[in-house]
Amino acid sequence: MRIEDYAPIAGADAVESLRAEAERLKGRRVLHINSTFIGGGVAELLKAIVPMMGALGLKAEWNIITGDDEFFNATKSFHNALHGTPVTITEGMIRSYEETNRRNAKELDLSADCLFIHDPQPAMLIESRKGGFWVWRCHIDISSPTDAVWSYLSRHVRKYDAAVVHIPEYAKPDLGIPQHVIPPSIDPLSEKNIDLPKDYIESILRKYDLDPELPIITQVSRFDRLKDPVGVFKAFRQVKESVGLLDFREAFTRDRYVVDVFRTLRERSLIQLVLVGGSATDDPEGYRVYKEVLGKAISDRNVFVLMLPPDAHREINAIQRGSTILIQKSLREGFGLTVTEGMWKGKAVIGGMTGGIAHQIRDGETGFLVRSVNEAAERILYLLRNPKERERLGAAAKEHVRRNYLVTRHVRDYLRVIGDGVSANPIPN
Ligand code: UDP
């Protein structure tokens, strides 16, 4: 990675302020710990952030905690509960969580000037701190969690030196530690986001039996109920019906009944829906949800449910770029990197009105926000019929990401947190 490569994209000033921030931290050890190297947004972020910190002269490292199925089932329940889903947390889950964290604390080298501990899975490592500045980095919408889980987890989080959340609404006044609002970012030079040749994009679409000449509506997501893949499917079915109905009405008034009914029937089968989702090693629910979605979609030959390997970044990039409309109809969403990725590709993105999505998309300016299947269907139909609107929203979306959600800004914000922490707690190198 070369920091100067980001200047033409993010701007020379952005790169300059990043370097200036890094100057006083050269040689400092920064350790990030989460629960998976592959799959999901946190791994996607760390893949960019850790090398960038290294290129700026810090000693940046990334490690993960390991656990068995019982542990990851427990932490997925914590995750859902923090997002507000009613979930019963058993004593067995807590035991598995604590034993796994204690074992990992013994196995991992936790000595660093600054530690970023990501999400609930490794949060209890704080109990084994020996030194350094500890930051809990939360990637979840914790604005209205299930009480029992938050009161348990916050006991650990309170012991951190600071916490970082995505948007102001996630800050917790009762935590009693400094909290920083730092939204995530994308790496414009990564496999996931780099520009791609048209030929390659088309070859990937054809590889998955998609027709590049016809409209494609895509949601890229882990198969997770909170991402509402079934809601996307229902919206798509509604759109297919509406294409027929609206055109039928037009046809009737124009008295070209038979010809146009045939045309509308053809049109109905000409839009394509793609639900692309990989799995993440720390998400045990993925396969179950995938099977559910597949069960619903199997009878519709216009719906493509694709389970890709978690490292299929270039292919996902191609599918996003080859799509006419991108959707992320989440019911709850910490931030929604797939939204940022779609916006960066100059696409019109339709997002569920929740969490970080509602911060990224300014409704009607940089995309559309929706609260229901009906609204999603209406917006899809509107965008299918208005290519100019797709262009307008896509261009504004790209600029919004360029100004606010690139990795250069994200790393600079982290360096400020590290700098404040390290100077407040000087640690010998
Ligand atoms: N992703 C992927 N393959 C998939 C599904 C998702 O590479 O099949 C990536 C996606 O491009 C994005 C990240 O995983 O970079 C998901 O991040 P997001 O914040 O949208 O959701 P999370 O999975 O963290 O809840």
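See above for the structure.
In what follows, the accompanying structure is described. (Residues numbered from 1 in each chain as written. Predicted model: local features only at pLDDT ≥ 70, side-chain atom pairs only at ≥ 80, totals over all residues. Heavy atoms only, no water.)

1. Some details on the overall build of the protein chain
For the record, the criterion: Helix and strand labels come from DSSP, where a helix needs a run of H or I of at least four residues and a strand needs a run of E of at least two; each type is numbered from the N terminus. We compute the radius of gyration from the C-alpha atoms alone; for a globule the expected value is 2.2 Å times N to the 0.38, where N is the number of residues.
From N to C terminus, the protein chain includes 16 helices and twelve strands. Relative to its length of 429 residues, the protein chain is compact, with a C-alpha radius of gyration of 23 Å against a globular reference of 22 Å. The dimensions of the protein chain, computed from C-alpha atoms along their principal axes, are 85 × 50 × 35 Å.

2. Things to note about the state of the cysteines
Linking two cysteines covalently through their sulfur atoms gives a disulfide. The cut-off we apply is this: What counts as a disulfide here is a pair of cysteine sulfur atoms lying within 2.5 Å. A 1.4 Å probe rolled over the protein chains alone gives each residue an accessible area, and that area as a share of the maximum for its type sets the label: buried under 20%, exposed over 50%, partly exposed in between.
This model, assessed by the stated rule, comprises zero disulfides. Between Cys114, a cysteine without a disulfide, and Cys138, which holds the nearest cysteine sulfur, the sulfur-to-sulfur distance is 17 Å. Given a relative accessible area of 0%, Cys138 falls into the buried group.

3. Things to note about the site of the ligand
To be explicit about the condition: For each residue, the test is whether any non-hydrogen atom lies within 4 Å of the molecule or strand; if one does, the residue is near. A 3.5 Å cut-off defines polar contacts: any pair of N or O atoms within that distance qualifies, except that in protein one atom must be a possible hydrogen donor and the other a possible acceptor, and neighbouring residues in sequence count only when both atoms are side-chain atoms. Computed by Shrake-Rupley with a 1.4 Å probe, the accessible areas treat only the displayed protein chains as cover when residues are assessed. Residues are grouped as follows: nonpolar covers Ala, Val, Leu, Ile, Met, Phe, Trp, Tyr, Cys and Pro; charged covers Asp, Glu, Lys and Arg; every other residue, Gly included, is treated as polar.
What surrounds the ligand is a group of 17 residues, the closest being Gly41, Arg222, Lys227, Gly278 and Glu341. Within the side chain of Lys192, a nitrogen or oxygen atom sits 2.8 Å from an oxygen atom of the ligand. Taking Leu337, its main chain carries an N or O atom lying 2.9 Å from an oxygen atom of the ligand. The protein chains hide 91% of the 540 Å² of surface that the ligand would expose on its own. When residues of the shell around the ligand are traced back to their parent elements, those giving at least two are α3 (40–55), α11 (313–322) and α12 (337–344). Considered class by class, the residues forming the shell around the ligand number three nonpolar, eight polar and six charged.

4. Notes on the sheet that holds strand β1 (residues 29–34)
What counts is decided by this rule: Strands were regarded as paired on the criterion that DSSP finds at least two bridges between them. Here an angle of 0 to 180 degrees is reported between the N-to-C directions of two axes, which are lines fitted to C-alpha atoms, with helices fitted over the stretch in contact.
Taken together, the six strands give an open sheet; going across it, the order is β2-β1-β3-β4-β5-β6, and neighbouring strands pair in parallel fashion. Edge strands, defined here as strands with exactly one partner in the open sheet, are β2 (59–64) and β6 (179–181). Direction aside, the axes of adjacent strands within the sheet are offset by 20 degrees on average.

5. Some words on a negative patch on the surface
Applied cut-off: The patches described consist of residues with a relative accessible area above 30% and no salt bridge, like charges being joined within 9 Å and nonpolar side chains (Val, Leu, Ile, Met, Phe, Trp, Tyr) within 5 Å. Put simply, a salt bridge is a Lys or Arg side-chain nitrogen that is within 4 Å of an Asp or Glu carboxyl oxygen. Neither His nor the chain termini are counted; the positive set is Lys and Arg, and the negative set is Asp and Glu. Working definition for charges: the position is that of NZ of Lys, CZ of Arg, CG of Asp or CD of Glu.
On the surface, a cluster of negative charge is contributed by Asp68, Asp69, Glu70 and Glu99. Here Glu70 shows up in helix α4 (residues 69–82). Owing to a relative accessible area of 46%, Glu70 belongs among the partly exposed residues under this scheme.

6. Some thoughts on the pattern of salt bridges
If you walk through the whole model with that rule in mind, you get 34 salt bridges. Measuring nitrogen to oxygen at the nearest pair gives 2.9 Å for the salt bridge that ties Arg314 to Glu191. Of the two residues, Arg314 is situated in helix α11 and Glu191 in the loop between β6 and α7 (198–207); the sequence distance between them amounts to 123 residues. Residue class for Glu191 comes out partly exposed when judged on its relative accessible area of 40%. Taking the shortest distance from any N to any O, the salt bridge between Lys329 and Asp228 comes out at 2.6 Å. Of this pair, Lys329 sits in the loop between β10 (325–328) and α12 while Asp228 sits in the loop between β7 (216–220) and α8 (229–253), and the two are 101 residues apart along the sequence. Judged by its relative accessible area of 4%, Lys329 is buried. Residue Asp228 is classed as buried on the basis of its relative accessible area, which comes to 12%. One continuous salt-bridge network, built from bridges that share partners, spans Arg2, Glu4, Asp5 and Arg19.

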